[in-house]
2 protein chains.
Amino acid sequence: MITRKPSLTDQVMAYLKERIVGGDFEEGRIPPEMELAMDLGVSRTTIRDAFSRLEHEGIIIRRQGSGTFVNEHGLQIKSRLEDIWSYDEVLRDHGYTPSVQVLDTRTEPAGEKLAADLGIEPGEPVLVMEKLFLENDQPVIHTYNRVAERLMGHPDDAAAGSLPIYEFLERHCGRHLSYYVSEILPVALGAHVAAMLHLEAGTPALSFDEVGYDEDNQPVVGATSVFRDDLLRFRLIRRKAGA
Amino acid sequence: MITRKPSLTDQVMAYLKERIVGGDFEEGRIPPEMELAMDLGVSRTTIRDAFSRLEHEGIIIRRQGSGTFVNEHGLQIKSRLEDIWSYDEVLRDHGYTPSVQVLDTRTEPAGEKLAADLGIEPGEPVLVMEKLFLENDQPVIHTYNRVAERLMGHPDDAAAGSLPIYEFLERHCGRHLSYYVSEILPVALGAHVAAMLHLEAGTPALSFDEVGYDEDNQPVVGATSVFRDDLLRFRLIRRKAGA
DNA sequence: CAGTGGTCTAGACCACTTT
DNA sequence: AAGTGGTCTAGACCACTGA
C-alpha cells in the first residue's frame, strides 16, 4: 500500500477530534484559531483548513466575532451518507462486529442499463458478486456488485468475492475506486433479497443504486445495496447550498 | 434581507460554473490555477478555494501533476442531497414549475419524540403545517412542519402556512434556520399521505425525518417529508471519508 | 473597543505527471 | 526538465460580537 504521511491539516483534525469527543473543551468552546496555531506550532491557515472540514462534517460550528464551538447534534451522527466507504466500517461505527458472507459469484450478460452505466456493450459478460453483511448472524445489508469481465486481468478467482469491492478492483482489475454516484431509492423487497435479509417480501426498504468510478473517471462497478432500516439508519446534515 | 456582497471566491465559483456548463473548456480541461489567477486578477489561493468547493460538489476533478478537469458525471446531478434547501427550488432544478398547496394548519400537543427533538415538554402545543408540492396538479412532495408555539411571537396567522418554512421561522419566530439533521427512512405510505400523493396505501416511499436548527444551535422545527420517487430522485456523491 | 472568525494576498517548497 | 496541483507560511485587513 501507499505510505503517505498525513498532512499537517489531517493531524490537526485528528487532534481536535480526539479532544472534542473526549470532552476536553469547557462548555463546547474551542480555543481561538490563533491560540491553537501557536500551541501546535502551525499557521492559522492550517488550523482554519482543519476547522473548515470539521465544520462541514457537522462536528463544530463557527460564529464570526464569537468563537468556535462543538456541535453536539452533529457529533451524534454515526454514518454520514456522503462518506460511507466500506459497509464493514459503517457497521463497526454502529457498534457492531460485522461478518461478511459471499452468497454467489457468477457471470451474466450485461443488460441495457448496466451496459450504459459501465460503458460497455449490452450482452457483454459481467461478473456479479452477491454478498451479505451480518451482525451476529443477523443480516443487515445485502449487496450486488457488478464488474465487466474485460476489466479483469486474471481469470475468475475463487476467493475474489470475499474481498471488499475496492480491494477486489485494486487487485484484480488494477483500478483504484475513487467515488460513487449514488441514487437513493425506496423499494419493495423482492422474494430473494427479502429471504436473505430475513424479512417478508414486499417490505419497504432503502436501496442504493450506484456506479463507482476510478481515478481516471472511468466507470468500474455497478452496485445495488439494500438495508434493514431497523438495524441501520443513515443520517446527514443538510445546508443551504453555498453556505 | 441582508445584502452581503459575494466574496471573491463565490464570484470565481460562479464564473467557473458558467464556463463549465457552457462547455467552454476543450476536452474538459480547465486552465492551470496560476493562469486563472492572473486572468481574473486574484491570488492562487482564491482560485484554489473555489476549486475545492467545486470538487466537493463533484463538478470538477483535480489530478496532481496533471491538471483540473470537468467531471461530466457529477455535472448531471440535479439535486445533491446535502444541499437541498427549499423543495420549490429542487423541483425547479428538475425542470418543473412547481406550485404549493397548504393542506392544513392546526395545533397539537407534542408527543414524546417530537418534544425531545424540539427541546420542549411533552404535551406542549405545537403548530403543525401540512403542505403539498405539485407539478402541474401532480403531487410530488408531501410535508409536515412542526414548530413549538412558544417560539411564535405573533398569534397564529392565517397566511402563515403558505410561506416557505425558513421564511416562516424568520418572520414569525425570529429564528434563522441554519441546518437540518436528517434521517432517511423507507416507509409504506399511510392512507392519508398516500391519498394526498395519488398513490396506493402501502406503496414504498422515501421519507426524510429531520430536525432543523437555528444559528444558535437550538432546534426550531421538526419535519417529515415524503416523495414520489417516480417524479423525484435524489443523488449524491460518496467518497472515502477524509479524501 | 478588544477579541473573534472571514477573506485575501504573495510566495515558498513539495509531489506528481508528462514530455 | 518543465509544468501541474498539494501543502504550508506570515501577514494584512475586514466584519461581527460582546463586554
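Attention here is on the structure that accompanies the text. Note on numbering: residues in each chain are counted from 1, in written sequence order. Both sets of labels track the order of writing: A upward for chains, 1 upward for ligands. For a predicted model such as this one, the threshold for reporting local features is a pLDDT of at least 70, and the threshold for listing and counting side-chain atom pairs is 80 or more; totals across whole chains, interfaces and linings nevertheless cover every residue. Think of the side-chain values as coming from all heavy atoms in the structure, minus any hydrogens and water.

## As for the pattern of salt bridges
For side chains of opposite charge, pairing can occur when their charged atoms come near one another.
Residues and elements named next belong to chain A.
Part 1: Salt bridges are defined as contacts in which a side-chain nitrogen from Lys or Arg sits within 4 Å of a carboxyl oxygen from Asp or Glu. As enumerated under the stated definition, the model contains 42 salt bridges over all chains in all.
Part 2: Among the ionic pairs, Arg48 bridges to Glu33, the shortest N-O distance being 2.7 Å. Placement of the pair is Arg48 in helix 3 (residues 44–56) and Glu33 in helix 2 (residues 33–40), with a sequence separation of 15 residues.
Part 3: Residue classification places Arg48 among the partly exposed positions, given a relative accessible area of 34%.
Part 4: The buried label goes to any residue with under 20% of its type's maximum accessible area, the exposed label to any with over 50%, and the partly exposed label to all in between, with areas taken from a 1.4 Å probe on protein chains only. Relative accessible area serves as the criterion here: at 13%, Glu33 is assigned to the buried category.
Part 5: Here Arg80 makes a salt bridge to Glu82, at a shortest N to O gap of 3.0 Å. Each of the two residues, Arg80 as well as Glu82, counts as buried.
Part 6: What emerges from the salt-bridge pattern is a single network uniting Glu33, Arg44, Arg48, Glu55 and Arg62. Helix numbering and strand numbering both begin at the N terminus, where a helix is a DSSP run of H or I of at least 4 residues and a strand a DSSP run of E of at least 2.

## Describing the protein's contact with DNA strand D
Part 1: The immediate surroundings of DNA strand D are formed by 24 residues, with Leu8(A), Ser43(A), Thr46(A), Arg44(B) and Arg48(B) found nearest.
Part 2: Residues are counted as near a molecule or strand when any one of their heavy atoms sits within 4 Å of it. A share of 66% of the atoms of DNA strand D within 4 Å of the protein falls on sugar and phosphate groups.
Part 3: Counting residues per element, the ones that place at least two in the surface near DNA strand D are helix 1 (8–21) and helix 3 of chain A together with helix 3 (44–56), strand 2 (60–63) and strand 3 (67–70) of chain B.
Part 4: Among the elements that make up the surface near DNA strand D, the one with the highest residue count is helix 3 of chain A (3 residues).
Part 5: Among the residues forming the surface near DNA strand D, the class breakdown is 4 nonpolar, 14 polar and 6 charged. Amino acids outside the nonpolar list (Ala, Val, Leu, Ile, Met, Phe, Trp, Tyr, Cys, Pro) and the charged list (Asp, Glu, Lys, Arg) are all regarded as polar, and Gly is one of them.

## Describing the protein's contact with DNA strand C
Part 1: With respect to spatial proximity, 23 residues lie near DNA strand C, and among them Arg44(A), Arg48(A), Leu8(B), Ser43(B) and Thr46(B) are the closest.
Part 2: Backbone sugar and phosphate groups make up 67% of those atoms of DNA strand C lying within 4 Å of the protein.
Part 3: We define a polar contact as two N or O atoms separated by no more than 3.5 Å, with the added condition that, inside protein, one atom must be a possible hydrogen donor and the other a possible acceptor, whereas residues neighbouring each other in sequence contribute only through side-chain atom pairs. The contact in question runs from a base nitrogen of DNA strand C to an N or O atom on the side chain of Gln64(B), over 3.3 Å.
Part 4: Broken down by secondary-structure element, the contributors of at least two residues to the surface near DNA strand C are helix 3, strand 2 (60–63) and strand 3 (67–70) of chain A together with helix 1 (8–21) and helix 3 of chain B.

## Points about helix 1 of chain A
Residue and element names in this part refer to chain A.
Part 1: A helix is expected to span 1.5 Å multiplied by its residue count minus one. When the terminal C-alpha atoms of helix 1 are compared, their 20 Å separation across 14 residues agrees well with the 20 Å that a helix rising 1.5 Å per residue should span.
Part 2: Along helix 1, the positions that sit buried rather than exposed are Thr9, Val12, Met13, Leu16 and Ile20. The arc that holds the buried residues of helix 1, viewed along the axis, is 100°, so those residues lie on one side. Set apart from the buried face of helix 1 by more than 90 degrees, the exposed residues are Glu18 and Val21.
Part 3: A contact between two residues is defined here by any heavy atoms of the two lying within 4.5 Å. In the core, the buried residues of helix 1 are packed alongside strand 1 (29–30), helix 2, helix 3, strand 2, strand 3 and helix 4 (72–75).
Part 4: Once helix 1 ends, the next one or two residues include Gly23, with phi positive near 70°. For this quantity, the arc is that covered by the directions from the helix axis to the C-beta atoms.

## A closer look at the relation of the copies chain B and chain A
Applying a rotation about an axis and a shift along it to one chain copy brings it onto the other copy.
Part 1: We superpose the copies by least squares over the C-alpha atoms of residues that have a pLDDT of at least 70 in both of them. Once turned by 180° and shifted 0.0 Å along the axis, chain B lies on chain A with an RMSD of 0.0 Å. In short, the pair behaves as if placed about a two-fold rotation axis. For chain B, the residue whose C-alpha comes nearest the rotation axis is Pro204(B), separated from it by 2.5 Å.
Part 2: Looking at the interface residues of chain B, 100% of them are also at the interface in chain A, so both copies use one shared face.

## Focus: the sheet that holds strand 4 (residues 98–109) of chain B
Part 1: Pairing is antiparallel in the open sheet, where 7 strands are placed in the order 10(A)-7(B)-8(B)-9(B)-6(B)-5(B)-4(B). Edge strands, defined here as strands with exactly one partner in the open sheet, are strand 10 (234–239) of chain A together with strand 4 of chain B. Averaged over neighbouring strand pairs, the angle between their axes works out to 20° when direction is ignored.
Part 2: Examined bridge by bridge, strand 5 (residues 125–135) of chain B and strand 6 (residues 138–148) of chain B share 10 bridges and lie antiparallel to one another. Bridged to Val128(B) within strand 6 of chain B is Arg146(B).
Part 3: The strands touched by helix 7 (residues 165–173) of chain B within the sheet are strand 5, strand 6, strand 7 (177–188) and strand 9 (219–227) of chain B, with strand 6 of chain B carrying the most contacts at an inclination of about 25°. Only when DSSP finds a minimum of two bridges between them are two strands counted as paired. Each axis is a line fitted through C-alpha atoms, taken for helices only over the stretch in contact, and angles between the N-to-C directions span 0 to 180 degrees.

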